[in-house]
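# Observations on chain architecture
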Amino acid sequence: MVRNSQGDMIPLGTLATITPAVGPSLISLYNLYPSSTIIGLPAQGYSSGQSITLMEEIAAKTLPPGMGYEWTAMSYQEKAVGNQIYYVFGLALLLVYLVLAGQYESWYAPIAVILAVPLSLLGPMAVLTGLRIENNLYTQIGLILLIALSAKNAILIVEVALELHVRDRKPLLESAIEAARARFRPILMTSFAFILGMAPLVVASGAGASARKSIGITVFSGMIASTCLAVLFVPTFFVVVQRFENWLADRRAKKLSAQTIPHAGP
């Protein structure tokens, strides 16, 4: 019984019809708005960023007025970060450069190490393109990791070459060749130990295998490229950079000697 406008009690059945219906057992809310969750994965050969852009275009065209969308979980993080990976990559290179500049007490010697970093990126670029693996967050983490690993191989060569050239006064070219020969075995031992350690990630299976494969294949291929190319190109980089530094030092010394005015005796 309910009360009408005149204050009388009347049966509810005279005003409304009750029809049983099936409804959701759980109503999802997002920021206090009724919502539904959509989970999607990119097709093979497409990145998660492309998928996000496509879904935003579809939502803008098909959603009626008064409805919107929000990203959650990893998509939200990726959307918030955007293209910051380029800044992270640049800051990582800058950090390596500044640390090596303090270690070598030179602004030029670390350049030979920094130039070795792009060599390690040739491997992931070729493998990821050939296998059509998307450039996701885990791939980008692997690229950041390759900065340290590829720099390590170059440091092993440049450090010995500097000692031979600066301390032992050996010719520049001879110092580079001897450093590459002396550090060839340590580079192979440490690099292949790490490469074999990444092999389980490359052949990962089960839950989360996609993430493990992305970072594993990136580092695995990058270390192979760095190991094969570092011994060949880092000595060349060292010779070019050190020759330029020696030229600047000689030029600076000539200027100082030209500015010196001899004083006549009494």
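Here's what I pulled together on the structure shown here. (Residues numbered from 1 in each chain as written. Predicted model: local features only at pLDDT ≥ 70, side-chain atom pairs only at ≥ 80, totals over all residues. Heavy atoms only, no water.)

### What about helix α1 (residues 48-62)?
Owing to its 3.6 residues per turn, the α-helix aligns residues three or four sequence positions apart on the same side. Compared with the 21 Å implied by 1.5 Å per residue over 15 residues, the 21 Å span of α1 between its first and last C-alpha is a close match. Those residues of α1 that sit buried are S48, S51, I52, E56 and A59. One side of α1 holds all its buried residues, which, seen down the axis, span an arc of 135 degrees. Facing away from the buried side of α1 by more than 90 degrees, the exposed set consists of A60 and K61. (Helix = DSSP H or I, 4+ residues; strand = E, 2+ residues; numbered from the N terminus. Expected span 1.5 Å × (residues − 1). Buried < 20%, exposed > 50% of the residue type's maximum accessible area, 1.4 Å probe, protein only. Arc of directions from axis to C-beta.)

### Comments concerning unusual backbone geometry
The phi dihedral of L32 is positive, around 70 degrees, even though this residue is not glycine. With respect to the secondary-structure elements, L32 resides in the loop between β3 (29-30) and β4 (33-34). If you check the backbone angles, E105 has positive phi at about 55 degrees while not being a glycine. Structurally, E105 can be placed in the loop between α3 (84-104) and α4 (109-114).

### Quick word on the nonpolar core
By size, the foremost hydrophobic cluster in this structure holds 34 residues, and its most contacted members are Y104, V113, V158, V234 and F238. Listed by contribution, the elements that provide at least two residues to this core are α3, α4, α5 (117-131), α6 (137-167), α7 (172-182) and α9 (209-259). The residues contacting Y104, other than those within four sequence positions of it, are A109, P110, V113, I155, V158, E159 and L162. Core analysis: the second largest hydrophobic core is formed by 7 residues, L146, I195, I215 and V219 among them. (Core = buried A, V, L, I, M, F, W, Y, C linked by side-chain atoms within 4.5 Å. Contact = heavy atoms within 4.5 Å.)

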